[in-house]
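# Analysis of the macromolecular model
Take a look at the letters that make up each chain.
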Amino acid sequence: MTAIGMEVSGLTVELTTPRGTTRAVDGVSFTAHRGRTLALLGESGCGKSMTAQAIVGLLEPIASVTAGSVQVDGEDLLKVSRKRRRQLAGPTLSIVFQDALTALNPVLKVGTQLAEPYRIHQRMPAKRARAKAIELMRHVGIPEPESRVDSYPHQFSGGMRQRLLIAMAVALSPKVLIADEPTTALDVTVQAQILALLAQLRKEHDMAVVLITHDLAVVAEEADTVAVMYSGRIVETGPVDEVFEDPRHPYTRGLLDSVPVETERGADLSSIPGAPPDLFAIPPGCPYQARCPLVQDVCRAERPALETRAGRAVACHLAEGTAQ
Amino acid sequence: MTLLENPPEAPAPEAPDRPARANWFRMLLADPAAFVSALILLLVAFVAVFGRQLAGDSAIKGDLSLSRLAPFSLDHGWQYVLGGDLLGRSLLGRLMVATQTTMSVVVPVVLISLVIGASVGMWAGYHRGRRETVAMRIADVILSFPSLLMAVVVLYIFSPSIASIIAILAITRIPVYLRTARAESAELQTRLFVDAARTFGTPSGAIIRRHIFPIVLPTLLTVATVDFCYVMLAESSLSFLGIGVQPPDVSWGLMVAQGRDQLRTQWWLSVLPGLAIVITTVSANLLASWVRIATDPGQRWRLTVPRRRRRAAGPTVLETT
């Protein structure tokens, strides 16, 4: 196996609201390897974005990390001082956001924004930083970077904006790159281009990429490993091929079954009935019990632990049963 | 109004200078009202600097035979084109001297309160929490005193000099900028691009400087021009009460106040300095609204796209791929 880029263990995020305290992320652990892509897969509200925010330190004031560690390069990002964290942010860890338009400052020229990491971290003079910004823009495939460097974000198309954002994230060649639904707002052709760009940069910089997405096709295409999240917990992990070939958790199976393959026109699409549990009223036992077709008494009483077996892990009492 | 004569350069400091400056000038030409305002403010600035030398003795030494001379005649030389005051001093000369006094009070007051109020406000709004609370409560305390009353009390205790007028007016105006800057900065610090800057390890000072300040600045400039009029009037009121600018020095507000008794017979003694106040403040406001458009990249096309084409094509979308 390749070198470890980031190791997240037992990450727990709690939300404090007027209705009480609840866990949005509950003991999430995963390891991202350099040069590989790990996909965090799950439906909206399952805590995958919250996990990313906790790792990069952008949690809203109502959310706080109550347990766990994020090891990058032998340092625990959750324990280091704020100053050290600022030094690590950029050269070590960086993030690509979903909405590129709001992630770019509307009144600053893109060249200024792309130059910012160099100006801040390497104290590079303005001229050289600008040259680096142009180089970056060319590298991520923006045509005529010399003239576009003085444009403003609103003068770029959605795909180009996402390229700019990726360029900014990889400016200092980070060891770990978190991509939080980087292609959700884009159309399918542009989506493919952006994913190809991410893959290319991942190889060049030997980055560990954590791809957060709800799109099964993207996971199948891009990821090496997948971690399926449900209700703030990881319910199944493993190499993408194996997990997609042979899902062991009923939720993963439900997800895969809801992809239309060789379905007749007019035939009903299969879907998982119901909705994820309310975070304030997670029942004891398995969080998936209310929607699980195989639910049994043990599922209502005991919470299944994530058990590792031959490179794969699954949190289900009936793992053996679903594996056939 | 030195503040508004030089519209801020493009927020990108590394942009090549020459073409950028030519662009600013072209955008100024595209808005005739703003262009005229800029010329007027330049004239005011020029008079404020060189007025005393140009006016010479005519502003100080009166010729009683020219007392209450009616304006708009060149019979007694250019200095008396706007008539004479009660002591036969040239009204034009006195206006020019007053320009300097007025500007030397108003510009520092606006600049000082703008800089202090804006920096504290942006800092408080960015960090929120206890820092914000403390800053805002101090602002509330200052605001809870009627500012003119506070100025009167302080100026009675200390000797009324230009410096003390500037100091007290600046302090009473700080909360105006502080509140505006805090409100905008508190909203901006939740935006994704500020989060993005944080993920590159940008320290908070640099985020305020690079990401928040350029967006807050146009609003602050607009507030400043409105405040500019307020400060000018406040200075006149203080001068009228005898605790502001002291004779023989003179300011626009003082001239309006002194001419009040003769308003029915010698209207020009009050009306002409009043007109100077109105023209200057209107120019400042017009230029400020131009600055707001010119500094907003999303609005800038209004100044760069020719008017005729705009009407034909409607708002153009500058989207390019």
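Conventions used here
- Residues numbered from 1 in each chain as written.
- Chains lettered and ligands numbered in written order.
- Predicted model: local features only at pLDDT ≥ 70, side-chain atom pairs only at ≥ 80, totals over all residues.
- Helix = DSSP H or I, 4+ residues; strand = E, 2+ residues; numbered from the N terminus.
- Rg over C-alpha atoms; globule rule 2.2 N^0.38 Å.
- Buried ≥ 20, exposed ≤ 12 C-beta atoms within 10 Å, placed from the backbone.
- Contact = placed C-beta atoms within 7 Å.
- Pairing = 2+ DSSP bridges.
- Axes fitted to C-alpha atoms, helices over the stretch in contact; angles between N-to-C directions.
- Core = buried A, V, L, I, M, F, W, Y, C linked by C-beta atoms within 7 Å.
- Domains from an automatic or database assignment.
- Nonpolar A, V, L, I, M, F, W, Y, C, P; charged D, E, K, R; others polar.
- UniProt positions renumbered as here; feature names shortened; annotations may be inferred.
- Parallel < 35°, antiparallel > 145°, perpendicular 65-115°, else oblique.
- Left-handed = near helix turned anticlockwise from the far one by under 90°.

### Here's the deal with the overall build of chain A
In terms of regular secondary structure, chain A is built from twelve helices and twelve strands. Over its C-alpha trace chain A gives a radius of gyration of 21 Å, about what one expects of a compact globule, namely 20 Å for 324 residues. Considering only C-alpha atoms, chain A reaches an extent of 70 × 50 × 45 Å along its principal axes. Across the 324 residues of chain A, 46% fall into the buried class.

### Some points on the overall build of chain B
Helix and strand counts for chain B come out as 13 helices and zero strands. In sequence order, the secondary structure elements of chain B are arranged as α-α-α-α-α-α-α-α-α-α-α-α-α. Looking at chain B as a whole, 43% of its 321 residues qualify as buried. Sequence separation of at least 24 residues holds for 69% of the intrachain contacts in chain B that already meet a minimum separation of 6.

### A short note on the sheet that holds strand S12 (residues 312–314) of chain A
Backbone hydrogen bonds hold the strands of a sheet together, and the pairing may be parallel or antiparallel. Residue and element names in this part refer to chain A. The mixed open sheet is built from eight strands, whose spatial order is S6-S7-S8-S3-S9-S10-S12-S11. Sheet topology places strand S6 (93–96) and strand S11 (307–309) at the edges, where each strand pairs with a single neighbour. Strand-to-strand, the axes of this sheet are offset by a mean angle of 20 degrees, without reference to chain direction.

### Examining the nonpolar core
Judged by nonpolar contacts, the single largest core of 172 residues is most densely connected at Leu114(A), Leu164(A), Leu165(A), Ala167(A), Val176(A), Ile178(A) and Val210(A). Top contributing element to this core by residue count: helix H4 (residues 91–127) of chain B, with 18 residues. Each of domain 1 (4–92 + 174–322) and domain 2 (102–173) of chain A accounts for three or more of the residues forming this core. Residues in contact with Leu165(A), not counting those within four places in the same chain, are Val96(A), Phe97(A), Ala100(A), Ala103(A) and Leu104(A).

### Here's the deal with the pairing of strand S10 (residues 233–239) of chain A
Residue and element names in this part refer to chain A. With six of its seven residues buried, S10 lies for the most part within the structure. When strand S9 (residues 225–230) meets S10, the two strands line up antiparallel, connected through six bridges. Pairing of Thr225 across the sheet is with Pro239, part of S10. Connecting S9 to the antiparallel partner S10 that follows it, the hairpin turn spans two residues, and Ser231 within it adopts a positive phi of roughly 55 degrees.

### Digging into the domain arrangement of chain A
All names here are of chain A. Segmentation of chain A into domains returns domain 1 (4–92 + 174–322) and domain 2 (102–173). Centre-to-centre, using C-alpha coordinates, domain 1 lies 30 Å away from domain 2. Contact with domain 1, which involves 14 residues of that partner, is made by 13 residues of domain 2. A total of seven residues in the side of domain 1 that touches domain 2 trace back to one element, the largest contributor, which is helix H7 (residues 188–205). When the residues that make up the side of domain 1 that touches domain 2 are grouped by side-chain class, the tally is eleven nonpolar, three polar and no charged.

### Describing helix H8 (residues 192–199) of chain B
In terms of burial, H8(B) is a largely internal element, six of the eight residues being buried. Listed as buried for H8(B) are Phe193(B), Val194(B), Ala196(B), Ala197(B), Arg198(B) and Thr199(B). As for H8(B), its buried residues are in contact with helix H1 (48–56), S6 and helix H3 (110–121) of chain A together with helix H7 (162–188) and helix H9 (204–240) of chain B. Gly201(B), located one to two residues past H8(B), shows a positive phi value of around 75 degrees.

### Thoughts on the UniProt feature "transmembrane region" (unreviewed entry) in chain B
UniProt records the feature "transmembrane region" (unreviewed entry) for residues 28–50, 105–126, 212–233 and 267–291 of chain B in the present numbering. Spanning residues 28–50 of chain B, this segment combines 91% helix with 0% strand, and its end C-alpha atoms are found 26 Å apart.

### Brief notes about the environment of Pro106(A)
The residue Pro106(A) is located in the loop between S6 and H3 in this model. Pro106(A) gets classed as partly exposed once you count the C-beta atoms within 10 Å, which come to 16. Along the primary structure Pro106(A) and Pro153(A) are separated by 47 residues, whereas in three dimensions their C-alpha atoms are 5.9 Å apart. With sequence-adjacent residues up to four places away left out, Pro106(A) is seen in contact with Tyr152(A), Pro153(A), His154(A), Pro297(B) and Gly298(B).

### Description of the interface of chain B and chain A
Listed as interface residues are 29 residues of chain B and, on the opposing side, 34 residues of chain A. Looking at the side of chain B that touches chain A, the elements that each hand over two or more residues are H8 and H9 of chain B. With seven residues, the single largest contributor to the side of chain B that touches chain A is H8(B). Within the side of chain B that touches chain A, the residues separate by chemical class into 15 nonpolar, seven polar and seven charged.

### Comments concerning the pairing of S6(A)
Residue and element names in this part refer to chain A. Both faces of S6 are covered, namely the face carrying Leu93 and Ile95 and the face carrying Ser94 and Val96. Direction of pairing for S6 relative to strand S7 (residues 176–180): parallel, over a ladder of four bridges. If you follow Val96 over to S7, its bridge partner there is Ala179.

### Some remarks on the packing of H9(B) against helix H10 (residues 252–259) of chain B
Residue and element names in this part refer to chain B. The contact between H9 and H10 brings their axes to 7 Å, and the two run at 50 degrees. Comparing their axes, H10 and H9 come out oblique. As for how H9 packs across H10, the hand of that crossing is right-handed. Judged by residue contacts, Met232, Leu233, Glu235, Ser236, Ser239 and Phe240 of H9 engage Trp252, Gly253, Leu254, Val256 and Ala257 from H10. For the contact of H9 with H10, a count of residues per class yields seven nonpolar, three polar and one charged.

### Topic: unusual backbone geometry
Residues and elements named next belong to chain A. With phi around 60 degrees, Asp73 is a residue other than glycine that occupies positive phi space. Following the sequence through the fold, Asp73 ends up in the loop between strand S4 (63–72) and strand S5 (75–76). Residue Asp73 is classed as partly exposed on the basis of its C-beta count, with 14 C-beta atoms lying within 10 Å. The backbone phi angle of Glu181 is positive, close to 45 degrees, even though this residue is not glycine. For Glu181, the position within the fold is in the loop between S7 and H7.

### Some words on the sheet that holds strand S2 (residues 20–33) of chain A
All names here are of chain A. Read across the open sheet, the four strands follow the order S2-S1-S4-S5; overall the sheet is antiparallel. If you trace the sheet from one side to the other, it starts and ends with S2 and S5, each paired once. The sheet contact formed by strand S1 (residues 4–17) and S4 spans eight bridges and is antiparallel. Looking at the pairing, Val8 lines up with Val70 of S4.

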